[in-house]
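Inside the fold
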Amino acid sequence: MMMALVPYDRNSIPALSKLHDPSVEFHFANRRLRLTQDWNRLGVAAVVWDAAVVLCMYMELGQIELAGKTVIELGAGTGLAGIVAALLGARVTITDREPALELLRANVHDNVPPEQQGAVAVSELTWGEGLERYPAGGYDVVLGADIVYLEETFPALLRTLEHLSSDGTAVLLACRIRYDRDVAFLDTLRQSFDVQEVHYEAQRDVHIYRAAKLQARREL
């Protein structure tokens, strides 16, 4: 399963030229963040996409409680969302496939202050594989920024979300809806989760969906 680790020819997608910059800067959680990118080596897995930026804006506005919460980010890429969640007070596990981990660790080291480094772990997670290494239902919040795009990964992603989530877990997915298959994924997710659109950023065309296991709604 190739997932996101696919390099692209820079000249073939001129509109994406900014993604080839070696680093990008943001200001979140009262800190200036500089995220290293590595398009040439890791492709789409190693650049900051708009969905991650919008998710960080949503978190920073306090739309979900993060202080003291246990958070896991899936398909983290550069790790922006997980880093911002940690800066907002969460205990965060930032995950991606093994080839992306070196970049992830470097970005965490460079952007999380020393006194908060202990609240952030970088860990390998290929969706649907080795899930026993992660506590079932052990997370208050699951984050995913632009991870709904490769149809062949959808079954494994669904298994992973179901494993990580308890009745009280909030799943936040930030994504663009590019194709019918993206809508189909959300429809399939609704078989196990209550899924609501909670934010739409028109300028970047990014939707944020919040999902919770259906059992939680039945017990309310």
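Residues numbered from 1 in each chain as written. Predicted model: local features only at pLDDT ≥ 70, side-chain atom pairs only at ≥ 80, totals over all residues. Heavy atoms only, no water.

Observations concerning the overall build of the protein
Across its full length, the protein carries 7 helices and 9 strands. Counting the 220 residues in the protein, one finds 50% classified as buried. Counted over contacts in the protein with a minimum sequence separation of 6, partners at least 24 positions apart contribute 67%. Looking at the protein as shown, the accessible area adds up to about 10,200 Å², and 48% of this sits on carbon and sulfur atoms. (Helix = DSSP H or I, 4+ residues; strand = E, 2+ residues; numbered from the N terminus. Buried < 20%, exposed > 50% of the residue type's maximum accessible area, 1.4 Å probe, protein only. Contact = heavy atoms within 4.5 Å. Areas by Shrake-Rupley, 256 points an atom, 1.4 Å probe, with all protein chains shown as cover.)

Considerations on the pairing of strand β3 (residues 70-74)
Within β3, 5 of the 5 residues are buried, leaving the element largely enclosed by the surrounding structure. Here β3 shows two buried faces, one formed by Thr70, Ile72 and Leu74 and the other by Val71 and Glu73. Pairing of β3 with strand β6 (residues 139-145) involves 4 bridges; the strand directions are parallel. Bridge assignment links Leu74 to a residue of β6, and that residue is Gly144. (Pairing = 2+ DSSP bridges.)

Here's the deal with the packing of aromatic side chains
If you walk through the whole model with that rule in mind, you get 2 aromatic pairs. Residues Phe26 and Phe28 carry aromatic rings whose centres are separated by 6.2 Å and whose planes lie at 25 degrees to one another, so their mutual orientation is stacked. For the pair Phe26 and Phe28, one class covers both residues: buried. Here Phe154 and Phe185 contribute two aromatic rings whose centre-to-centre distance is 4.8 Å and whose plane-to-plane angle is 55 degrees, an arrangement assigned as tilted. Linking Phe154 in helix α5 (residues 154-164) with Phe185 in helix α6 (residues 180-189), this pair joins segments that are 31 residues apart in sequence. Accessibility expressed as a relative area gives 7% for Phe154, which makes it buried. (Phe/Tyr/Trp six-rings, centres within 6.5 Å; stacked < 30°, edge-to-face > 60°.)

Side note on unusual backbone geometry
Residues other than glycine seldom take positive phi values, yet Asp146 does so here, at roughly 55 degrees. Here Asp146 shows up in the loop between β6 and α5. Positive phi values are uncommon outside glycine, yet Asp205 reaches one of about 55 degrees. In this structure, Asp205 sits in the loop between β8 (193-201) and β9 (206-213). Taking the relative accessible area as the measure of exposure, Asp205 reaches 32% and is therefore partly exposed.

Things to note about helix α4 (residues 101-111)
Turning to α4, its buried residues number three or more, namely Leu101, Leu103, Leu104, Asn107, Val108 and Asn111. Take α4 and look down its axis: the buried residues cluster within an arc of 160 degrees, on one side only. Facing away from the buried side of α4 by over 90 degrees, the exposed positions are Glu102 and His109. (Arc of directions from axis to C-beta.)

Some words on the nonpolar core
Looking at soluble globular proteins, one finds that nonpolar side chains tend to be buried together. If you look at the biggest cluster of nonpolar residues, it comprises 43 residues, and the most contacted ones within it are Leu55, Met59, Leu80 and Leu143. Looking at this core, the element that brings in the most residues is helix α2 (residues 50-60), giving 8 residues. For Leu80, the residues in contact, after removing those within four places along its chain, are Phe26, Phe28, Leu33, Leu35, Val48, Ala52, Val53 and Cys56. Counting residues in each nonpolar core, the second largest holds 26 residues, with Phe154, Leu157, Phe193 and Val195 among its members. (Core = buried A, V, L, I, M, F, W, Y, C linked by side-chain atoms within 4.5 Å.)

Quick word on the sheet that holds strand β7 (residues 165-175)
Pairing is mixed in the open sheet, where 7 strands are placed in the order β5-β4-β3-β6-β7-β9-β8. Of all the strands in the sheet, just β5 (120-124) and β8 have a single pairing partner and so form its edges. Taken pair by pair, the neighbouring strands of this sheet meet at an average axis angle of 20 degrees, ignoring direction. Where β6 and β7 come together, 6 bridges link them in parallel fashion. (Axes fitted to C-alpha atoms, helices over the stretch in contact; angles between N-to-C directions.)

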